[in-house]
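For reference, the chains in residue letters:
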Amino acid sequence: MSASHGTKAVVAAFLANTGIAITKFIAWFFSGSASMLAEAIHSVADAGNQLLLLLGGRLAKKQATPDHPFGYGRERYVWAFIVALVLFSVGGLFSISEGISKIQHPHELDIIWLPLLVLGIAIVLESFSFRTAIKEANQVRGKAGWWAFIRKSKSPELPVILLEDLAALVGLVLAFVAVGLTALTGNPLFDAIGTLCIGVLLIAVAAILAVEMKSLLIGEGATREDTATIAAVLNGNKGVESIIHMKTLYLGPDELMVAAKVAFPPQSDIEHVARTINDLEADLRTQVPHARVIYIEPDLYVEQPETAPSTDHIVIQSGN
């Protein structure tokens, strides 16, 4: 479900940014506004980024191979990380470079009403794209706040589009104010400063995205809620004495791996152990549908001497 909602938001953002980029380039060509050029490049970068997200979603659907036995789910994280790099370099660094150039070599704006008109239209179009992203995110974020959703979401598309659209709206407002001040005062320095502000904004957003995607690429475990649910299922089976330890890992945005060592009573025979493990796997897939790869290792519980706190995902819990 998260993938389908993310794809809809990505397509809406791509269509909006493509149209906006074309109109911005036209306005820049006739006016010479540095802020307008920075915003045009920003829209091109955003449109290209949405294509990268769509590419990542397509590649992630490839079947598992002997070389990649867990599949290609993390392709979506790889391409989302590349999006952050594009936003940083093509968007942020270019805008800052253009702003510095315009400060050193000021250029008065021509046909001042044209960039203001285009920016006003772009704000409206970008608002529709942002509204679509918010609507799609609301269907999957549950009760989580916006910042928590961006930080904890395992699906990269919606957080990327939300941050990109937010940065685009703020950037458009900055450009509108910068061009407006230039028109009112006749001082092109405001246009150059607006371009610098847009560059700093894009670099900040790119840094946030890079940090989040890096965490997902390294490998994140289940949420606290899902971890508690998994532990409850394992501990709740009458054939299990207790969890010895458990670890989880997202193989992709919609695929969670669960590996657990559980203690069985010493008198358990192999048939009892096999049936119990099968029941546990079925219960886990019912309670946590994205727990698709499950490894349960039976063992006997042996009291361990007191040591430093374990780094395992779940510490030993009491059984039934």
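Preceding this section is the structure that the text describes.
Residues numbered from 1 in each chain as written. Predicted model: local features only at pLDDT ≥ 70, side-chain atom pairs only at ≥ 80, totals over all residues. Heavy atoms only, no water.

Undergrad: Whenever I open this one, the pairing of strand 2 (residues 255-263) confuses me. Can you help?
TA: In summary, the side chains of a regular strand alternate between the two faces of the sheet. Extensive coverage of strand 2 is indicated by the burial of seven of its nine residues. Bridging between strand 1 (residues 242-252) and strand 2 involves nine bridges; their strand directions are antiparallel. Bridged to Tyr 250 within strand 2 is Leu 256. In textbook terms, the turn of a hairpin is the stretch between consecutive antiparallel strands, and for strand 1 and strand 2 this stretch comprises two residues. By the bridge criterion, eight bridges tie strand 2 to strand 3 (residues 291-299) in an arrangement that is parallel. Of the residues in strand 3, the one forming a bridge with Lys 261 is Glu 297. Where the polypeptide runs from strand 2 across helix 9 (residues 270-287) and back to strand 3, its parallel neighbour, the crossover connection is right-handed. (Buried < 20%, exposed > 50% of the residue type's maximum accessible area, 1.4 Å probe, protein only. Helix = DSSP H or I, 4+ residues; strand = E, 2+ residues; numbered from the N terminus. Pairing = 2+ DSSP bridges. Right-handed = clockwise from strand over helix to strand, strands pointing away.)

Undergrad: Can you walk me through the packing of aromatic side chains in this structure?
TA: For any two aromatic rings, the description comes down to two numbers: the centre-to-centre distance and the angle of the planes. This model, assessed by the stated rule, comprises three aromatic pairs. Where Phe 25 meets Trp 28, the ring centres are 6.5 Å apart and the plane angle is 80 degrees; that geometry is what we call edge-to-face. Of this pair, Phe 25 and Trp 28 are both found in helix 1 (residues 2-31), three residues apart, which corresponds to roughly one turn of the helix. On the basis of relative accessibility, which here comes to 30%, the residue Phe 25 falls in the partly exposed class. Given the relative accessible area of 31%, Trp 28 is considered partly exposed. On the numbers, 6.4 Å between centres and 90 degrees between planes, the contact of Trp 146 with Phe 149 is edge-to-face. Here the residue Trp 146 and the residue Phe 149 both occupy positions in helix 5 (residues 146-152), the gap between them amounting to three residues, near one helical turn. Geometry around Tyr 72 places Lys 62 over its ring, the cationic atom sitting 4.2 Å from the centre. Sitting over the face of the ring of Trp 146, Arg 141 holds its NZ or CZ atom 3.9 Å from the ring centroid. (Phe/Tyr/Trp six-rings, centres within 6.5 Å; stacked < 30°, edge-to-face > 60°. Lys NZ or Arg CZ within 6 Å of the ring centre and 35° of its normal.)

Limitation: the analysis is restricted to geometry and does not speak to function.
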